[in-house]
Amino acid sequence: MSISLYKICYNNKKRNVDDIMKKILVIEDDLSIQKELASLLENSGYQAICLPLNQISVENILKVKPDLILLDINIPVSNGEVLLQEIRKKSSVPIVMVTSRNNEVDEVLSMSYGADDYITKPYNPTILLLRIGAIFKRMENHSEELVYKDLSFNIQKGVITRGEQQIVLTKNEMIIFHYLLTHKNQIVTRDELMTDLWNNDEYINDNALTVNISRLRNKLKEVGYYEAIETRKGQGYILLCD
Amino acid sequence: MRLKSYLKDKWWLFVLFFFMYMIILLMFLAFKVNFSCCLATSILLFLFVIIIIMIDFFRKRKFYTTLVNHITMLDKSYLVLETLEKPNFYEGKLLYQILYDINKSMIENVKNYELQMTDFKEYVEMWIHEVKIPIASFMLIFHNHQDKFDKKAVLQMHRLENYVEQILYYVRSENAEKDYLINEVSLSKVISHIALKNKDDLLENNIDFIVNDVNYKVLTDSKWLEFIINQIVNNSIKYKKENGNSYIKITAIDKKDQIILTIEDNGIGIPLADLPKVFQKSFTGHNGRFKNQSTGMGLFIVKNLCDKLGHKINIESKEGSYTRVFLTFSKDQYYEVLR
């Protein structure tokens, strides 16, 4: 009894944290990329803020109070690496360097100046979102437990618990369920699921994905959730949870 | 400088001397000079001519012999001037000065081309970074409006991206000194990047991507290695069999002082006759002509980069059944100790 109570509390706390949208500052000189990046972030539940090029300065950046900064190295006003160093003097906000300069030296330099990640253009948008998500997860440092209705999901053990009942998920099923759970009430495409799987070194093919999803559905049925994962034809899947 | 040729070259001197000697003899006859005086003058004359010729020969021989020898000995013969002492005779001085002037103008000329080349390379690198921006922009637009695009568009964009990478690494491999950094790199991480990069292509072509036991660390530049393996994987995708289950299998083994990474596919393979030539520049071979989309540059650049990084690359293949590429990384004992 006490355990489930704890979970309910946790669930509520989690909701509250989720309600505050994460603010991501995009510093990017190419307007078309800036616009699309902002809409990508907004579609994924973040608040995207872009600074006009002539207003890029450490003061202005810190005034926005971003939760994360996407920083292009090749910005015209001042070099991204210099800007990175200056921000680091005053703040420890997570910074992801985004650049078309694909070489080891730049990457090592940026990381040594205090960047949290380094992504080269052209990037896969899903990967970019996964990396951003990973940084937030690292920052919040919360326990490895996620909650879906009255199920609790332990990622480290790969176990779904409902009261006394436990189901063990395989690694693939876990990745899929985790992705659906972190994007609950949103349509998730097969491509996104595939990208997350491949990102975790599970190089499976289309058929295997279908098989894994139907296995996951069966396992959810075992704990009484019959239509938890819905198929939206031609679009993908959705995990409904109200 | 040989005496015989030198003397042959001085034939006019001997002819002149012969005429002069004849004239002198005739004069002696006309003035009825006595025989002893005649003989003494003749000997003196001959002696002087021989001495003059010899002195001239030896003075020149020293300079020209060293010049000729050094030119044949040096691998960069245009540097010969630096190895010579300034000669002490007029012709030599003249030649020395001329060589100096020619050298100088040649260096200026070469330098000029060098500058042009660096400018060009810098421009190409800059251009590559520029062209990646619209590609990145396209990828984002595609992702945000997936309903309006065909999935095939993104595959074509990947192809374009791949060609752009190819030229970037070609430029880099030619003047490699400046931008690579040897580090301890995790093979599985590099392979993971490559898998993600080629995910759409692999899925579209129904190729199984199998990775086993690659949890090793090797000393290399991660970006360069990524390019190398990516080219090989791309070739495997390009030259897959039309039907049947295709796969690309990547494994690694640890062998005492080296780690060998194997990339194997069950594609159309490479004909035996083409196998020794695959690393040559612009070599397309039977497969390239057949598939009609080969530049013959990919493996050439790969080989170039491998040589620079000190990795060995070998290809084994059987036409119609498989191709295996082996990448061998050496372990560095010194580095192990340092750690």
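A closer look at the interface of chain B and chain A
Right, so step 1: If you look at the interface, chain B gives 28 residues, while chain A gives 29 residues.
Right, so step 2: Of the residues assigned to the side of chain B that touches chain A, the class counts are 13 nonpolar, eight polar and seven charged.

Remarks on the packing of helix 4 (residues 90-144) of chain B against helix 5 (residues 151-174) of chain B
Residues and elements named next belong to chain B.
Right, so step 1: The contact between helix 4 and helix 5 brings their axes to 10 Å, and the two run at 160°. Relative to helix 5, the element helix 4 lies roughly antiparallel. In this structure, helix 4 crosses over helix 5, and the sense of that crossing is left-handed. Mapping the contact onto sequence places Lys 121, Val 124, Glu 125, Ile 128, Val 131, Lys 132, Ile 135, Phe 138, Met 139 and Phe 142 in helix 4 and Ala 153, Val 154, Met 157, Leu 160, Glu 161, Val 164, Ile 167, Leu 168 and Val 171 in helix 5.

Structural notes on the pairing of strand 9 (residues 165-168) of chain A
All names here are of chain A.
Right, so step 1: Across four bridges, the pairing between strand 8 (residues 159-162) and strand 9 is antiparallel. Looking at the pairing, Thr 161 lines up with Gln 166 of strand 9.
Right, so step 2: What sits between strand 8 and strand 9 in their antiparallel hairpin is a turn of two residues, with Gly 163 showing a positive phi close to 60°.

Some words on the sheet that holds strand 3 (residues 68-72) of chain A
All names here are of chain A.
Right, so step 1: An order of 2-1-3-4-5 is seen for the five strands of this open sheet, with the pairing classed as parallel. For this open sheet the edge positions go to strand 2 (47-50) and strand 5 (117-120), each flanked by a neighbour on one side alone. With strand direction ignored, the average angle separating the axes of adjacent strands in the sheet is 20°.
Right, so step 2: Inspection of the sheet shows strand 3 paired to strand 4 (residues 95-99) by four bridges, in the parallel sense. Residue pairing in the sheet places Ile 69 in a bridge with Ile 95 of strand 4.

What to know about the nonpolar core
Right, so step 1: Core analysis: the biggest nonpolar cluster contains 60 residues, and Ile 176 of chain A together with Ile 191, Ile 228, Ile 229, Ile 263 and Leu 305 of chain B have the highest contact counts within it.
Right, so step 2: Considering every element that reaches this core, the biggest residue donor is helix 6 (residues 187-204) of chain B, with eight residues.
Right, so step 3: Aside from chain neighbours lying at most four places away, what touches Ile 191 of chain B is Val 211, Val 214, Ile 229 and Ile 250 of chain B.
Right, so step 4: Ala 48, Ala 115 and Tyr 118 of chain A together with Ile 141 of chain B belong to the second largest nonpolar core, which has 32 residues in total.

Section: the sheet that holds strand 9 of chain A
Residues and elements named next belong to chain A.
Right, so step 1: What the four strands build is an open sheet, ordered 6-7-8-9; its pairing is antiparallel. Since the sheet does not close on itself, it has two edges, and those belong to strand 6 (145-148) and strand 9, each with one partner. Geometrically, the sheet is characterised by an average inter-axis angle of 25° between neighbouring strands, direction not taken into account.
Right, so step 2: One ladder, built from four bridges, connects strand 6 with strand 7 (residues 151-154); its direction is antiparallel. The partner of Val 147 across the bridge, within strand 7, is Ser 152.

Re the domain arrangement of chain B
Where the parts come together, the accessible area they lose is often given as the size of the interface.
All names here are of chain B.
Right, so step 1: For chain B, the domain assignment lists domain 1 (3-85), domain 2 (110-179) and domain 3 (181-338).
Right, so step 2: Computed from C-alpha atoms alone, the centre-to-centre distance between domain 2 and domain 3 is 21 Å.
Right, so step 3: Across the contact, 10 residues belong to domain 2 and 11 residues belong to domain 3.
Right, so step 4: Of the residues in the side of domain 2 that touches domain 3, the class split is five nonpolar, four polar and one charged.

Points about unusual backbone geometry
Right, so step 1: In this structure, Pro 122 of chain A follows Lys 121 of chain A across a cis peptide bond, with omega equal to -10°.
Right, so step 2: Checked against the element boundaries, Pro 122 of chain A lands in the loop between strand 5 and helix 6 (125-140).
Right, so step 3: The backbone of Asn 206 of chain B shows a phi angle near 55°, a positive value even though the residue is not glycine.
Right, so step 4: Residue position: Asn 206 of chain B is located in the loop between helix 6 and strand 2 (207-212).
Right, so step 5: On the basis of neighbour count, Asn 206 of chain B is assigned to the partly exposed category, with 15 C-beta atoms found within 10 Å.
Right, so step 6: Positioned with a positive phi, Asp 213 of chain B is a non-glycine residue whose angle comes to about 45°.
Right, so step 7: Structurally, Asp 213 of chain B can be placed in the loop between strand 2 and strand 3 (217-220).

Focus: the packing of helix 7 (residues 222-238) of chain B against helix 9 (residues 298-309) of chain B
Residues and elements named next belong to chain B.
Right, so step 1: At a minimum axis distance of 10 Å, the contact between helix 7 and helix 9 shows a crossing angle of 150°. Between helix 7 and helix 9, the crossing angle belongs to the class labelled roughly antiparallel. Helix 9 is crossed by helix 7, and the crossing has left-handed handedness. Here Trp 224, Phe 227, Ile 228, Gln 231 and Asn 235 of helix 7 come into contact with helix 9, specifically with Gly 298, Leu 299, Val 302, Leu 305, Cys 306 and Leu 309.
Right, so step 2: Residues that form the contact of helix 7 with helix 9 fall into these classes: eight nonpolar, three polar and no charged.

Some details on the environment of Phe 279 of chain B
Residue and element names in this part refer to chain B.
Right, so step 1: Within the element layout of this structure, Phe 279 appears in the loop between strand 5 (258-265) and helix 8 (285-291).
Right, so step 2: Between the C-alpha atom of Phe 279 and that of Gly 296, which follows or precedes it by 17 residues, the distance is 8.4 Å.
Right, so step 3: Residue contacts for Phe 279: discarding those within four places in its chain leaves Leu 299, Phe 300 and Lys 303.

About the thresholds
- Residues numbered from 1 in each chain as written.
- Chains lettered and ligands numbered in written order.
- Predicted model: local features only at pLDDT ≥ 70, side-chain atom pairs only at ≥ 80, totals over all residues.
- Contact = placed C-beta atoms within 7 Å.
- Nonpolar A, V, L, I, M, F, W, Y, C, P; charged D, E, K, R; others polar.
- Axes fitted to C-alpha atoms, helices over the stretch in contact; angles between N-to-C directions.
- Helix = DSSP H or I, 4+ residues; strand = E, 2+ residues; numbered from the N terminus.
- Parallel < 35°, antiparallel > 145°, perpendicular 65-115°, else oblique.
- Left-handed = near helix turned anticlockwise from the far one by under 90°.
- Pairing = 2+ DSSP bridges.
- Core = buried A, V, L, I, M, F, W, Y, C linked by C-beta atoms within 7 Å.
- Buried ≥ 20, exposed ≤ 12 C-beta atoms within 10 Å, placed from the backbone.
- Domains from an automatic or database assignment.

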